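Take a look at the letters that make up each chain.
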Amino acid sequence: GENVEQHPSTLSVQEGDSAVIKCTYSDSASNYFPWYKQELGKGPQLIIDIRSNVGEKKDQRIAVTLNKTAKHFSLHITETQPEDSAVYFCAAIFVISNFGNEKLTFGTGTRLTIIP
Amino acid sequence: DSGVTQTPKHLITATGQRVTLRCSPRSGDLSVYWYQQSLDQGLQFLIQYYNGEERAKGNILERFSAQQFPDLHSELNLSSLELGDSALYFCASSVGAGALYEQYFGPGTRLTVT
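My aim in this report is to walk through the structure given alongside it, one point at a time. These numbers come from a predicted model, not from an experiment.

### Here's the deal with the packing of aromatic side chains
Inference 1: In total, this model carries 14 aromatic pairs over all chains according to the counting rule given.
Inference 2: Plain terms: the ring middles of A:Tyr25 and A:Phe73 are 6.0 Å apart, the flat faces sit at 55° to each other, and that makes the pair tilted. Of the two residues, A:Tyr25 sits in strand 3 (residues 19-25) while A:Phe73 sits in strand 8 (residues 72-77), which places them 48 residues apart along the sequence.
Inference 3: Judged by its relative accessible area of 5%, A:Tyr25 is buried.
Inference 4: Seen in terms of ring centroids, A:Tyr36 and A:Phe106 are 5.6 Å apart; in terms of plane orientation they differ by 55°. Their pairing is tilted. With a gap of 70 residues between them, A:Tyr36 in strand 4 (residues 32-38) and A:Phe106 in strand 10 (residues 102-106) connect regions that are remote in the sequence.
Inference 5: Within the aromatic cluster, the residues linked to one another by ring pairs are A:Tyr36, A:Phe89, A:Phe106, B:Tyr33, B:Tyr35, B:Phe45, B:Phe90 and B:Phe105.

Printed below as a string of C-alpha cells:
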C-alpha cells in the first residue's frame, strides 16, 4: 500500500548543529519527494523537493538526498537557527488510479526544536 | 502568505450537524486539494479538483463532499459530523493537474465538533 514512514517524531538540536530527518516509502514507482515545513498556526510550506533522477539537491543550508534502491530519502539542515524550529513533513507521490492520477502521501511529521 | 485563503478560521459545531468550508486558490492556479490534519492521522489527502472537475480522490468519507466552482473557488461539505471529524482542514492549490506541481497551502480551518 501507500506508505511513508518518517523518523524521528521529535528532534532537538543545539543552535548551529545539523539536523537530519529520514523517510522511507513503499512504492518503487514514486518519483517525486517534497519536504514541507509547518510553523505553528500555519499551513505547510514547500522548502525543497527532489525527483527520482537526482541523488541530491541543495538549497543554501538545506539539502535532500535520495536512495531509490533503498527507497529512502533524507532532509539535512546545517547551521541550524532558531527560526528552523517547526514541524517538518516528507511526502511521496503515489499513483492512485489506472488513469495515472496521483496524490501526495505525507509522513507523520518531525517536530524540530532548535535550542539556543 | 501563500495566496490561498480559507474561511472560516475556526468552526465549532455539534455532532450531527453539517458545515461548509471554503477555499480560494492562488490567482492562476487551476487545482485545489483538500487535506485533513489530525493528531493521530497526520496530513491525509481527501480530494483534488482541477478546473472544475474531480481529479483524484483519497481517504474521503462518504459523509464528505466537495466541489469546485467556475471561478475556481472550492467548498468542502462535511455532514453528519462526528467527534472524530474534529481536525484542521487545509486547502492547497497548484497551477497544474499532477501532484508534481508545487502545492501552496492555505492557513487552514480548525473544526471542533462537540
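### Some thoughts on unusual backbone geometry
Trans is the prevailing form of peptide bonds, just as negative phi is the prevailing case for residues other than glycine.
Inference 1: Residues A:His7 and A:Pro8 are joined by a peptide bond in cis, for which omega reads -5°.
Inference 2: With respect to the helices and strands, the residue A:Pro8 is situated in the loop between strand 1 (4-7) and strand 2 (10-14).
Inference 3: Here B:Thr7 and B:Pro8 are connected by a cis peptide whose omega angle stands at -10°.
Inference 4: Along the chain, B:Pro8 falls in the loop between strand 1 (5-7) and strand 2 (10-13).
Inference 5: Even without being a glycine, B:Asn51 presents a positive backbone phi close to 50°.
Inference 6: Position of B:Asn51 among the secondary structure elements: in the loop between strand 5 (42-50) and strand 6 (53-57).
Inference 7: Take B:Asn51: its relative accessible area is 48%, and that puts it in the partly exposed class.

### Regarding the state of the cysteines
Inference 1: On inspection of all chains with the given rule, the structure shows two disulfides over all chains.
Inference 2: Disulfide partner of A:Cys23: A:Cys90, at an S-S distance of 2.0 Å. Because the sign of the S-S torsion sets the handedness, a value of about -100° for the bond joining A:Cys23 and A:Cys90 places this disulfide among the left-handed ones. Linking A:Cys23 in strand 3 with A:Cys90 in strand 9 (residues 86-95), this pair joins segments that are 67 residues apart in sequence. Comparing A:Cys23 with A:Cys90 shows no difference in burial state: the two are buried.
Inference 3: B:Cys23 shares a disulfide with B:Cys91; S-S distance 1.7 Å.

### So, the pattern of salt bridges
Residue and element names in this part refer to chain B.
Inference 1: Counted according to the given criterion, the structure contains eight salt bridges over all chains.
Inference 2: In this structure, Arg 26 engages Asp 29 in a salt bridge whose closest nitrogen and oxygen atoms are separated by 2.9 Å.
Inference 3: Look at Asp 29 and you get buried, because its relative accessible area is 1%.
Inference 4: The partner of Lys 57 in a salt bridge is Glu 54, with the nearest N and O atoms 3.9 Å apart.
Inference 5: Since its relative accessible area comes to 46%, Lys 57 is described here as partly exposed.
Inference 6: For Glu 54, a relative accessible area of 43% corresponds to the partly exposed category.

How each quantity is defined
Residues numbered from 1 in each chain as written. Chains lettered and ligands numbered in written order. Predicted model: local features only at pLDDT ≥ 70, side-chain atom pairs only at ≥ 80, totals over all residues. Heavy atoms only, no water. Phe/Tyr/Trp six-rings, centres within 6.5 Å; stacked < 30°, edge-to-face > 60°. Helix = DSSP H or I, 4+ residues; strand = E, 2+ residues; numbered from the N terminus. Buried < 20%, exposed > 50% of the residue type's maximum accessible area, 1.4 Å probe, protein only. Disulfide = S-S within 2.5 Å. Salt bridge = Lys/Arg side-chain N within 4 Å of Asp/Glu carboxyl O.

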